Amino acid sequence: KEEYLKIESKTKDLKWKIKNNVAKIEKLTKLIELRTAQKTKTEEEIVDVEQHMAELTAVREDENSAFLDAKKEDQDAIDLLTAAREVLGSFYKNHSIDMGPVQGSVKGAALAQEPEFKVSPDQAPEADFSDSGSHKGEAKGVVSIMTMIIEDLND
C-alpha cells in the first residue's frame, strides 16, 4: 500500500511537472513567434528607412547640382555684365565724354543728382543740336543699372 501511495504521489508530481512544462513551452513558443514577427517587421522598416535615405540623398544631390549650375550661371552673368559695363565706360572715356559719378550701390546710395541750371529754371532752352556727349546721362543710367544687377547677383 505504501508503495502504491509512493507511485501515485510520484505520478501526480510528474503529471504536474508535465502540465507546467507544457504551459511553459506554449508560453515560450508564443514569445518566439512574437519576437520573430517583431524581427521581420524591424527588418522591413530598416529596408524602408534605407530606401528613404537613398531617395533623400538623390534629391539632395539633384538640388546641390541645380544650385551649383545656378551659381555658375550667376557668376557667368556677373562676368558678362562687368565686361559690358567696362566696355561701355571705356567708350565714353576714350571719346572724352564725362558721365559723372555712377551710382555704385543701392544700399548706400545718395539721392540722384539734380540737374544744374546755368540760367533761370523758368527760361526756355536754346534750340541747339546735340553733340556726341548728349546721351551720356542715358549711358550713365545703363551703367548704373548694370552695377546694381551685378551687386544683386553677388548677393
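Let us look at the structure shown here. Because the structure is predicted, anything quoted here is derived from the model rather than measured. (Residues numbered from 1 in each chain as written. Predicted model: local features only at pLDDT ≥ 70, side-chain atom pairs only at ≥ 80, totals over all residues. Heavy atoms only, no water.)

## Quick notes on the overall build of the chain
Here is step 1: Each helix and strand counted, the chain has two helices and zero strands in total.
Here is step 2: Per-residue burial over the chain gives 9% buried out of 155 residues.
Here is step 3: For the chain, contacts bridging at least 24 residues in sequence account for 92% of all contacts bridging at least 6.
Here is step 4: Here the chain has roughly 13,800 Å² of accessible surface; of this, 58% comes from carbon and sulfur atoms. (Helix = DSSP H or I, 4+ residues; strand = E, 2+ residues; numbered from the N terminus. Buried < 20%, exposed > 50% of the residue type's maximum accessible area, 1.4 Å probe, protein only. Contact = heavy atoms within 4.5 Å. Areas by Shrake-Rupley, 256 points an atom, 1.4 Å probe, with all protein chains shown as cover.)

## A closer look at the side chain of Thr147
Here is step 1: Inspection of the secondary structure assignment puts Thr147 in helix α2 (residues 136-154).
Here is step 2: Within the structure, the side chain of Thr147 is placed 3.1 Å from the side chain of Arg85, a separation counted as a polar contact. (Polar contact = N/O pair within 3.5 Å; in protein donor to acceptor, adjacent residues only side chain to side chain.)

## Things to note about a negative patch on the surface
Here is step 1: A contiguous patch of negative charge on the surface is contributed by Glu43, Glu44, Glu45 and Asp48.
Here is step 2: Take Asp48: it is sitting in helix α1 (residues 2-94).
Here is step 3: For Asp48, a relative accessible area of 46% corresponds to the partly exposed category. (Patch = residues over 30% accessible without salt bridge, like charges linked within 9 Å, V, L, I, M, F, W, Y side chains within 5 Å. Salt bridge = Lys/Arg side-chain N within 4 Å of Asp/Glu carboxyl O. Lys, Arg positive; Asp, Glu negative; His and termini not counted. Charge placed at Lys NZ, Arg CZ, Asp CG, Glu CD.)

## Thoughts on the pattern of salt bridges
Here is step 1: The full count for this structure, using the stated rule, is three salt bridges.
Here is step 2: As a salt-bridge pair, Glu8 and Lys12 come within 3.4 Å of each other at their nearest N and O atoms. Note that Glu8 and Lys12 are positioned in helix α1 at a spacing of four residues, about one turn of the helix.
Here is step 3: Put simply, Asp76 and Lys72 hold a salt bridge, and the shortest N to O gap is 3.1 Å. In this pair, Asp76 and Lys72 are both assigned in helix α1, four residues apart and thus about one turn of the helix distant.

## Description of a nonpolar patch on the surface
Here is step 1: A cluster of nonpolar residues, Leu14, Ile18 and Val22, forms a patch on the protein surface that exposes about 260 Å² of accessible area.
Here is step 2: Tracing the backbone through its elements, the reader meets Val22 in helix α1.

## Topic: α1
Here is step 1: End to end, α1 covers 134 Å across 93 residues, agreeing with the expected 138 Å (1.5 Å per residue, within 8%).
Here is step 2: Within the span of α1, buried status applies to Ile78, Leu81, Thr82 and Tyr92.
Here is step 3: Note on α1: the residue one or two positions beyond its end, Ser96, has a positive phi of about 55 degrees. (Expected span 1.5 Å × (residues − 1).)

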